[in-house]
Amino acid sequence: MTAVKKCDQSRVRSKATCHCGAIVVEFPGVPEKVTECNCSICRRLGALWIYCAVEDVSLFYAQGATSTYAWGDKTLEFHRCKICGCVTHWLPLNEKYPAMGINARMIDGLHPTDVEIAHEDFGGAGCFWS
């Protein structure tokens, strides 16, 4: 996985939201790179991920507003909005893992030509959609 650097809190904060606005994820900076993972779940979700240190991210949603899904070795927990169904982020289930993923497709105003797309071949396919 891409190395995670502690985000610079002095920079502008960006926001990702689900379609209905019930889930808001705030994080420092403006993404310069997103990651397409081709593992079995990420390929199906169609997500492009940005990674931030967990402590640098603020999550805003009512208790019970998300449903979660953890699969395989149960190291990640994917969160989706119970109202509109958008997958907004994932959180680590192992406290030793310092990062979380935010679905860059949930960031209004982030233009695909403004970011680099990195590829993680966790699916072992050797190919990607983008």
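Analysis parameters
- Residues numbered from 1 in each chain as written.
- Predicted model: local features only at pLDDT ≥ 70, side-chain atom pairs only at ≥ 80, totals over all residues.
- Heavy atoms only, no water.
- Salt bridge = Lys/Arg side-chain N within 4 Å of Asp/Glu carboxyl O.
- Helix = DSSP H or I, 4+ residues; strand = E, 2+ residues; numbered from the N terminus.
- Buried < 20%, exposed > 50% of the residue type's maximum accessible area, 1.4 Å probe, protein only.
- Pairing = 2+ DSSP bridges.
- Axes fitted to C-alpha atoms, helices over the stretch in contact; angles between N-to-C directions.

It is worth spelling out the pattern of salt bridges at this point. Scanning the model with the defined rule gives one salt bridge in all. A salt bridge links Glu26 to Arg13; the shortest N-O distance between them is 4.0 Å. Pair noted here: Glu26 is in strand E2 (residues 24-28) and Arg13 is in strand E1 (residues 13-17), with a separation of 13 residues, a long-range link. Residue Glu26 is classed as partly exposed on the basis of its relative accessible area, which comes to 26%. Exposure remark for Arg13: the relative accessible area of 32% places this residue in the partly exposed category.

Sheet strands pair via backbone hydrogen bonds, and the direction of the pair is either parallel or antiparallel. The sheet built from three strands is open, its strands ordered E1-E2-E5 with antiparallel pairing. Of all strands in the sheet, those bounded by a partner on one side alone are E1 and strand E5 (58-60). If you compare each strand with its neighbour and ignore which way they point, the axes differ by 20° on average. Where E2 and E5 come together, three bridges link them in antiparallel fashion. Residue Val25 lies in a different strand from E5, and its bridge partner there is Leu59.

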